[in-house]
Amino acid sequence: MKKLLTAAVVISMGFALAGCPKKPAVKENPSAGTQVPAGDGSSGTTGADTSPQTGAATPFADSGSASAAAAAFSGKIIYFDYDKIEIKPEYAGIVTEAARNLVAHPGWRVRLEGNTDERGTREYNIGLGERRAQAVRRALMLAGAGDGQLTTVSYGEERPAVEGEEEAAFAKNRRVELVALP
Amino acid sequence: MNKKPLSWLFVALLAGGGAARAELVVEITQGQADAIPIAIVPFAAADPAPVFDVAQVVSADLASSGRFVPMSRNDMADRPFKGADIVFNDWRALNTDYIVVGQLQTLDAQRYSVVFELFNVLNHQRLLGFQITSNRAGLRLASHQVADMIYEKIIGVRGAFATRIAYIAVAGRAPSKQYRLLVADADGENPRVVMQSSEPLMSPAWSPDGQSLAYVSFENRLPAVYVQQLKSGERRRVSARSGVNQAPAWSTDGKKLALTLSSRDGNLDIYILDLASQGLTRFTDDAAIDTEPQWSRDGQSLYFTSDRAGGPQIYKQALTAGSRAQRLTFQGAYNARPRLSPDESELAFVTQDGSGYHIAVQDLHGRGDMRVLTKGRFDESPSFAPSGAVLIYASRDRGRGVLALVSTDGRVQQRLVSSEGEVREPAWASY
């Protein structure tokens, strides 16, 4: 479990300067996020309509359910001003609601993913992203969330939400995303 | 929807298949006005269909330095392949200062000999005459070595054509991006995939012996520092501590890594990891962001970025306990990511002004004046060539990440553009 890689494919190539490249050794470790389910797209279904059919989704309470936690934090993103780590008043509601959910469900855990825009050096931006994630962590703890429910990670400028070289894109990338952990 | 990861897995396997498809293309954006005219005559070969165009690679190398203007083949009236056949007055009339002639000899099924001579056209003096044997796969490297020898003979400084660069390439769009760590010849040819992942890869750093790369991978969604041996592909996870694991930098003896870790409350500090014993020593202890370490040549100090004075600036601090950090940059509000020239006479870094982020160098022995070398809005990640005369860095061109080179005097500039996707974070290996 610890060594579970998320869709990482390691290809090691021979590097002998004047020799032929060795055959690449390919290691693939499956993960829930990217594995193609067995039977998907299999043959023998011609003619019949086999497309999945579902009714409308209805919410249900389940304090231990990972999917309920995922739904509670889905799309919860706090945006920041340039070079700032302060949480703006318009995002206080997200913090309050997230803290309330964490207090109500002590088994829930959330990862705070800090991000920056593309300006500045990559490693320094890792530091800025971490500061933003920590600012949200402090705010959630002040609002009652437990320390053990919160982890942080900084992606710096490595995972932009929007590609672009203008302020409109930058503003979408300076953010902390709340992600429920299973 | 579930098919996507599978389809780009196939792309990944094709791309990693070892074929030496040119990943990067060189464009010279600014050359030196007084560049030296030289004629590299196509090499003679016994085979009517030569297996390799040595003169073409030598010519491209010398042109890419910005210090030479190789003569177009269409302008050559004659194609001598040994010194005795050169009619110097004809070449003098074509205004070339130097001429290179040679042959590609086939020794047996897999072995070749690259034979070449360099002459001064004005005084007919033979400056070089060498022969390099090689197998088929080594002909490109042999050609770079020819270019290095010519460059050193005429310019008086060792060339860096037969060296390698590592860089990060990113293809596709979110959420199915593909990150690759590649190693290529310094001219962008011969790219080999070292590692690829659907999560970010960053901060490649060459071991001093050129055998391994350290880098950061987010393959588990969390950062970890890995060390990978290039020849065997053997990979070791050397730091996956709670929080930040970033910015690896090799000590001069290759036995330690400086890296950036964080405390539970997110404070970034620099630590030193002994690779053999796994022992960890704290280096900075400060409430600011301390990161982007680089070792001094004597292994006794680290250069690094810190925002302890407000904005990021570059500092130097000795490893001995109780040493104080000395601030090195004072011009401008943002100076970060230091890299040292091979002789440690100059510091390259990223500086910000009203027009964006540029590459600057600063003399470490003189008055400490900063020279801004580039004009891009998003220039970053400078890395010195082992010759110390050129820097490679990451830039942006029409919304795409490209690699660019600039001579430390700012006069020669060129660009390495990827055929697809974008490239960034170049790191030049030592000789």
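Because the structure is a prediction, the values reported are computed rather than measured.

Conventions adopted
Residues numbered from 1 in each chain as written. Chains lettered and ligands numbered in written order. Predicted model: local features only at pLDDT ≥ 70, side-chain atom pairs only at ≥ 80, totals over all residues. Helix = DSSP H or I, 4+ residues; strand = E, 2+ residues; numbered from the N terminus. Rg over C-alpha atoms; globule rule 2.2 N^0.38 Å. Buried ≥ 20, exposed ≤ 12 C-beta atoms within 10 Å, placed from the backbone. Contact = placed C-beta atoms within 7 Å. Pairing = 2+ DSSP bridges. Axes fitted to C-alpha atoms, helices over the stretch in contact; angles between N-to-C directions. Domains from an automatic or database assignment. Nonpolar A, V, L, I, M, F, W, Y, C, P; charged D, E, K, R; others polar. Parallel < 35°, antiparallel > 145°, perpendicular 65-115°, else oblique. Left-handed = near helix turned anticlockwise from the far one by under 90°. Core = buried A, V, L, I, M, F, W, Y, C linked by C-beta atoms within 7 Å. Expected span 1.5 Å × (residues − 1). Arc of directions from axis to C-beta. pLDDT = per-residue confidence, 0-100.

### A look at the overall build of chain B
Helix and strand counts for chain B come out as 4 helices and 31 strands. Taken over the C-alpha trace, chain B has a radius of gyration of 23 Å; the compact-globule value for 431 residues is 22 Å, and the two agree within 12%. Once the C-alpha set of chain B is aligned to its principal axes, its extents read approximately 75 × 60 × 45 Å. Put simply, chain B has 431 residues, and 48% of those count as buried.

### Topic: the overall build of chain A
Looking only at helices and strands, chain A has 4 helices and 6 strands in total. Put simply, chain A runs from its N terminus to its C terminus through helices and strands in the order β-β-α-β-α-β-α-β-α-β. Here chain A holds 182 residues, and 35% of them are scored as buried. Look at the contacts in chain A between residues 6 or more apart in sequence, and 70% of them connect residues 24 or more apart.

### Some points on unusual backbone geometry
Residues and elements named next belong to chain B. A positive phi angle, close to 65°, is found at N190, a residue other than glycine. With respect to the helices, strands and loops of the structure, N190 is situated in the loop between β9 (178-185) and β10 (192-197). Overall, the presence of 20 C-beta atoms within 10 Å leaves N190 in the buried class. With phi around 50°, E425 is a residue other than glycine that occupies positive phi space. Inspection of the secondary structure assignment puts E425 in strand β31 (residues 422-428).

### Quick look at the sheet that holds strand β18 (residues 280-282) of chain B
Residue and element names in this part refer to chain B. What the 4 strands build is an open sheet, ordered β15-β16-β17-β18; its pairing is antiparallel. Strand pairing shows two members of the sheet lacking a second neighbour, β15 (245-250) and β18, which therefore form its edges. Along the sheet, successive strands turn relative to each other by an average axial angle of 30°, direction set aside. In the sheet, strand β16 (residues 256-262) pairs with strand β17 (residues 268-274) via 7 bridges, with the strands oriented antiparallel.

### Some thoughts on the domain arrangement of chain B
All names here are of chain B. Annotation of chain B at the domain level lists domain 1 (33-155) and domain 2 (166-428). Each of domain 1 and domain 2 has a C-alpha centre, and these two points are 36 Å apart. The interface is formed by 7 residues belonging to domain 1 together with 7 residues belonging to domain 2. At the level of elements, α2 (54-64) and α4 (139-155) are the ones that each hand at least two residues to the side of domain 1 that touches domain 2. Class assignment for the residues of the side of domain 1 that touches domain 2 results in 1 nonpolar, 4 polar and 2 charged.

### Some words on the environment of R140(B)
By secondary structure assignment, the location of R140(B) is in helix α4. A sequence separation of 87 residues divides R140(B) from D53(B), and the C-alpha atoms of the two residues are 8.8 Å apart.

### Here's the deal with the packing of α2(B) against α4(B)
Residues and elements named next belong to chain B. Contact pair α2 / α4: the axes reach a minimum separation of 9 Å and the direction vectors enclose 50°. Here α2 lies oblique to α4, going by the angle between them. Our pair here, α2 against α4, has a crossing hand that is right-handed. For the pair α2 and α4, the contacting residues are V54, V57, V58, D61 and L62 in the first and L139, R140, S143, H144, V146, A147, I150 and Y151 in the second. Partitioned by chemical class, the residues of the contact of α2 with α4 number 9 nonpolar, 2 polar and 2 charged.

### Digging into the nonpolar core
All names here are of chain B. If you look at the biggest cluster of nonpolar residues, it comprises 115 residues, and the most contacted ones within it are I99 and V100. The greatest single-element share of this core, amounting to 8 residues, is contributed by α4. In this view, V100 contacts I38, A39, I40, V41, V58, F116, L118 and I150; residues no more than four positions away in its chain are not counted.

### Some points on the sheet that holds strand β12 (residues 212-217) of chain B
Across a sheet, paired strands are connected by hydrogen bonds in the backbone, their directions being either parallel or antiparallel. Residue and element names in this part refer to chain B. Across the sheet, which stays open at both edges, the 4 strands sit in the order β11-β12-β13-β14 with antiparallel pairing between neighbours. The open sheet has two edge strands, β11 (201-206) and β14 (235-239), and neither has a second partner. Averaged over all pairs of adjacent strands, the angle between their axes in this sheet comes to 25°, without regard to strand direction. In the sheet, β12 pairs with strand β13 (residues 224-229) via 6 bridges, with the strands oriented antiparallel. If you follow S212 over to β13, its bridge partner there is Q229.

### Remarks on helix α2 (residues 92-104) of chain A
Note on helix geometry: an α-helix contains 3.6 residues per turn, so any two residues three or four positions apart are oriented the same way. Residue and element names in this part refer to chain A. Here α2 is 13 residues long and its end C-alpha atoms lie 18 Å apart, about the 18 Å a rise of 1.5 Å per residue gives. Buried within α2 are the following residues: I94, A98, N101 and L102. Angular distribution of buried residues about the axis of α2 spans 95°; they occupy a single face of the element. Away from the buried face of α2 by more than 90 degrees, exposed residues G93 and A104 are located.

### Description of the environment of S262(B)
Along the chain, S262(B) turns up in strand β16. Excluding residues that lie within four positions of it along the chain, S262(B) makes contacts with E130(A), G243(B), V244(B), N267(B) and L268(B).

### Points about the confidence of the model for chain B
All names here are of chain B. Confidence in the prediction for chain B averages 91 pLDDT; 94% of positions are at 70 or higher. Confidence drops under pLDDT 50 across residues 1-22; counting only partners more than four residues distant or on other chains, this segment forms 28 contacts. Reported confidences for the modelled complex are a pTM of 0.83 and an ipTM of 0.89.

### Points about the pairing of strand β25 (residues 356-363) of chain B
Residues and elements named next belong to chain B. Most of β25 sits inside the fold, with 6 of its 8 residues counted as buried. Sheet analysis places strand β24 (residues 346-353) next to β25, joined by 8 bridges and oriented antiparallel. Bridge assignment links L347 to a residue of β25, and that residue is Q362. Alignment of β25 against strand β26 (residues 370-372), held across 3 bridges, turns out to be antiparallel. In the sheet register, A360 faces β26, and the bridge partner there is V372. Between β25 and β26, which follow one another and run antiparallel, lie 6 residues, and G368 among them has a positive phi close to 80°.

### Points about the pairing of strand β29 (residues 400-407) of chain B
Residue and element names in this part refer to chain B. For β29, the tally of buried residues reaches 6 of 8 residues, placing the bulk of the element in the interior. Joining the antiparallel neighbours strand β28 (residues 390-397) and β29 is a turn of 2 residues, in which R398 adopts a positive phi near 50°. Here 4 bridges tie β29 to strand β30 (residues 413-418), and the two strands are oriented antiparallel to one another. Its bridge partner being in β30, L403 is matched across the sheet by L416. Connecting β29 to the antiparallel partner β30 that follows it, the hairpin turn spans 5 residues, and G410 within it adopts a positive phi of roughly 80°.

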